[in-house]
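Architecture and fold: a report
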Amino acid sequence: LYHVEKNLLTKQVLLMFRFMLRHGFYDDQKELEDLHPPLFEMLDGTTDKILPTEEFESDDDSVRIEDKDRRDRRYIENNESRPLMECKQIICDILMLLFNVNIDAKVKNALEQFKRLQQGMDDDFEDGIPADSDDEEDQTV
């Protein structure tokens with residue numbers, strides 16, 4: 001949490017990535033899927049570093065940090081935690097975009113398969129009576 005400058009830089013990089021993703025700069029499905037684990041890892045709050053008690057300043061005067069458990073400090077909104085939370089919100093937005101891209105790719109794949117099957121059936125009918133129909137004629141004669 002206390003690396004405010006680093007978190008602000010990370011936020012800008014995430015904003016740029018989100019923009020590029022929204023505007024189709026990435027089309028390699030495998031490359032996009034490989035981004036899921038590091039993005040989820042960044043969301044994991046247990047790895048957030050926090051300020052020592054004496055350096056912590058809260059925007060809320062009623063919060064006494066010495067009464068809080070060390071791991072709960074990351075839940076207190078302040079100038080140090082705000083950029084990190086904004087990064088996490090952007091990451092959630094990026095993950096939603098990635099999931100939508102994944103769904104779109106699956107729908108596109110399904111439609112392409114359907115189109116190939118449909119064209120194959122059309123080709124069979126253009127050649128005349130389908131092979132399955134020959135068996136039915138033999139049975140009726």
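Described in the following lines is the structure provided in the data block. Treat the numbers as computed from the prediction; the structure is a model and nothing was measured.

Another aspect to go through is a nonpolar patch on the surface. A contiguous nonpolar patch, built from L9, V13 and M16 and spanning about 300 Å² of accessible area, is present on the exposed surface. As for its position among the elements, L9 is in helix 1 (residues 4-22). A relative accessible area of 56% means that L9 is categorised as exposed.

For the rest of this paragraph, the subject is the nonpolar core. Judged by nonpolar contacts, L14, F17, L21, L32, L39, C87, I90, I91, I94, L95, L97 and L98 together constitute the single largest core of twelve residues. Listed by contribution, the elements that provide at least two residues to this core are helix 1 and helix 4 (81-126). Dropping the residues within four chain positions of it, I91 is found in contact with L14, L39, M42 and L43.

Before going further, it helps to spend a moment on the side chain of K88. Here K88 shows up in helix 4. On the accessibility criterion, K88 (11% relative accessible area) is buried. Setting aside residues up to four positions removed in sequence, K88 forms contacts with M42, L43, D44, G45 and D48.

Attention now goes to helix 1. For helix 1, spanning 19 residues, the distance from its first C-alpha to its last is 27 Å, which sits close to the expected 27 Å at 1.5 Å a residue. When we look at burial in helix 1, the residues that qualify are N7, K11, L14, F17, R18 and L21. Along helix 1, the residues classed as buried sweep out an arc of 130° about the axis, all on the same side. Set apart from the buried face of helix 1 by more than 90 degrees, the exposed residues are E5 and L9.

This model, assessed by the stated rule, comprises two aromatic pairs. Ring geometry for F17 and Y26: centres 5.2 Å apart, planes at 65°, overall edge-to-face. For Y26, a relative accessible area of 25% translates into the label partly exposed.

Moving on, we get to the environment of L14. Within the element layout of this structure, L14 appears in helix 1. Considering only alpha carbons, one finds L14 and D93, 79 residues apart in sequence, at a separation of 9.9 Å. Setting aside chain neighbours within four positions, we find L14 in contact with L39, M42, C87, I90, I91 and I94.

What counts, and where the lines are drawn
- Residues numbered from 1 in each chain as written.
- Predicted model: local features only at pLDDT ≥ 70, side-chain atom pairs only at ≥ 80, totals over all residues.
- Heavy atoms only, no water.
- Patch = residues over 30% accessible without salt bridge, like charges linked within 9 Å, V, L, I, M, F, W, Y side chains within 5 Å.
- Areas by Shrake-Rupley, 256 points an atom, 1.4 Å probe, with all protein chains shown as cover.
- Salt bridge = Lys/Arg side-chain N within 4 Å of Asp/Glu carboxyl O.
- Helix = DSSP H or I, 4+ residues; strand = E, 2+ residues; numbered from the N terminus.
- Buried < 20%, exposed > 50% of the residue type's maximum accessible area, 1.4 Å probe, protein only.
- Core = buried A, V, L, I, M, F, W, Y, C linked by side-chain atoms within 4.5 Å.
- Contact = heavy atoms within 4.5 Å.
- Expected span 1.5 Å × (residues − 1).
- Arc of directions from axis to C-beta.
- Phe/Tyr/Trp six-rings, centres within 6.5 Å; stacked < 30°, edge-to-face > 60°.

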